[in-house]
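Spelled out, the chains give:
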Amino acid sequence: MPLEVTPERLGAVFAEQLQEFLAHMEFERGRSRNTIEAYRSDLAQLGEYFLEHDVSLLEATHTELVGYFEQMVRSGARTSTVQRKTAAVRTFYRYLRAEELLEHDPTADLRSPKPENKLPDVLSHQEVEAMLERCATDTPAGLRDRAVLEVLYGCGLRASEVVDLEPADINVELGVLRATGKGEKTRIVPYGRAAHDALCNYILNGRPHLVSDKETPQLFVTSQGQKITRQHVYKLVTGSARHAGIERRVTPHTLRHTFATHLLAGGCDLRIVQEMLGHSDVKTTMIYTHVLN
């Protein structure tokens, strides 16, 4: 759960400026809902630190900010987490500087830790099949969960993209779906026979029983007819992996990594994989060539 942006929790000035920053990023910069929530959570943590250590948002020094991140590192935070939070703090202070609330930006010389040279983990074909086979399909909820897993692996979608799918996004005749990714950018992704069968089975035999008389616009719904959450998708993937006997950590993004790697292993062009994943830069997609090597 994101930390609340309240004067009691963060201090009056910090809470006010953070609320205005989040509104600016959402309505003027067009950032996605997930990005806004990440900013809210990351910066609220900074606000709590400032309040605890009696640091003023508009008077904070470079040294005080370094102290905040050093404490984070000492507490065992991952390098990727520190990098993300550093980027959020930089963006926040650039906004404050642009609003002429600061004379100098204390984050100008702030350095992020060097990135970890870690390749994404991927599953084998056998492990994916084991996960899918462990998903029971004798109930409407089971049909839904099987379709979710097939779409995650067969289309390489993010969990947030899966939960936002609507029935109109699925074209069963052409075998493609429309996904809305970061920055509200849409892309068309083809899917194979397994995903086609799972989607059709769910749409015909699962969803009508779950949605009942409710007018829920999303494709995947709960037993109460409400939109499923990213937490549901995460628990579904981790639970399916555990039941399949996979001992290492498996997340929805693991299936996305696996989708890309299996496509490249099968001879798919890198640029096509880039388009299917919705990457704006092919350099991001190139990491999967290193996974293959």
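On a predicted model such as this, the values are computed, not experimentally measured, just so you know. (Residues numbered from 1 in each chain as written. Predicted model: local features only at pLDDT ≥ 70, side-chain atom pairs only at ≥ 80, totals over all residues. Heavy atoms only, no water.)

### What about the overall build of the protein chain?
(1) Moving on: Looking only at helices and strands, the protein chain has 14 helices and 3 strands in total.
(2) Moving on: On the principal axes, the C-alpha backbone points of the protein chain span a range of 60 × 50 × 35 Å.
(3) Moving on: In the protein chain, buried positions account for 45% of the 293 residues.
(4) Moving on: Considering only intrachain contacts with a sequence separation of at least 6, the fraction spanning at least 24 residues in the protein chain is 58%.
(5) Moving on: Surface accessibility of the protein chain: about 16,000 Å² in total, with carbon and sulfur atoms responsible for 48%.
(6) Moving on: Taking the average place of the 35 positive charges on the side chains of the protein chain and the average place of its 40 negative ones, the gap between the two points comes to 5 Å. (Helix = DSSP H or I, 4+ residues; strand = E, 2+ residues; numbered from the N terminus. Buried < 20%, exposed > 50% of the residue type's maximum accessible area, 1.4 Å probe, protein only. Contact = heavy atoms within 4.5 Å. Areas by Shrake-Rupley, 256 points an atom, 1.4 Å probe, with all protein chains shown as cover. Lys, Arg positive; Asp, Glu negative; His and termini not counted. Charge placed at Lys NZ, Arg CZ, Asp CG, Glu CD.)

### A closer look at the sheet that holds strand β2 (residues 176-180)
(1) Moving on: With antiparallel pairing, the 3 strands of this open sheet are ordered in space as β1-β2-β3. Taken across any chain shown, the strands that pair with only one partner, and hence form the sheet edges, are β1 (170-171) and β3 (186-190).
(2) Moving on: As paired elements, β2 and β3 share 5 bridges and run antiparallel to each other. Paired with Arg-178 across the strands is Ile-188, a residue of β3. (Pairing = 2+ DSSP bridges.)

### Topic: the pairing of β2
(1) Moving on: Bridging between β1 and β2 involves 2 bridges; their strand directions are antiparallel. Across the sheet, Ile-170 pairs through a bridge with Leu-177, a residue of β2.
(2) Moving on: In this antiparallel pair of consecutive strands, β2 and β3, the connection spans 5 residues, and Gly-183 shows a positive phi of 70°.

### Things to note about the confidence of the model for the protein chain
(1) Moving on: Of the residues in the protein chain, 97% have a pLDDT of 70 or more, and the chain-wide mean is 91.
(2) Moving on: By mean pLDDT, helix α1 (residues 7-10) is the weakest element of the protein chain at 79, and helix α7 (residues 140-155) is the strongest at 97. (pLDDT = per-residue confidence, 0-100.)

### Regarding the packing of helix α2 (residues 12-28) against helix α3 (residues 33-52)
(1) Moving on: One can describe the packing of α2 onto α3 by two numbers: an axis separation of 11 Å at closest approach and a directional angle of 165°. The orientation of α2 with respect to α3, classified from their angle, is roughly antiparallel. Crossing hand, α2 versus α3: right-handed. Taken together, the residues of α3 that come into contact with α2 (itself represented by Phe-14, Leu-18, Gln-19, Phe-21, Leu-22, Met-25 and Glu-26) are Ile-36, Tyr-39, Arg-40, Leu-43, Ala-44, Leu-46, Gly-47 and Phe-50.
(2) Moving on: In the contact of α2 with α3, the residues fall into 11 nonpolar, 2 polar and 2 charged. (Axes fitted to C-alpha atoms, helices over the stretch in contact; angles between N-to-C directions. Parallel < 35°, antiparallel > 145°, perpendicular 65-115°, else oblique. Left-handed = near helix turned anticlockwise from the far one by under 90°. Nonpolar A, V, L, I, M, F, W, Y, C, P; charged D, E, K, R; others polar.)

### Observations concerning the packing of aromatic side chains
(1) Moving on: In total, this model carries 10 aromatic pairs according to the counting rule given.
(2) Moving on: With centroids separated by 6.0 Å and ring planes inclined at 85°, the aromatic side chains of Phe-14 and Phe-50 adopt a geometry described as edge-to-face. You can see Phe-14 sitting in helix α2 and its partner Phe-50 sitting in helix α3, a full 36 residues away along the chain. As far as burial versus exposure is concerned, Phe-14 and Phe-50 are alike and both buried.
(3) Moving on: Put simply, the rings of Phe-14, Phe-21, Tyr-39, Tyr-49, Phe-50, Tyr-68, Phe-69, Phe-92, Tyr-93 and Tyr-95 pair up and form one aromatic cluster. (Phe/Tyr/Trp six-rings, centres within 6.5 Å; stacked < 30°, edge-to-face > 60°.)

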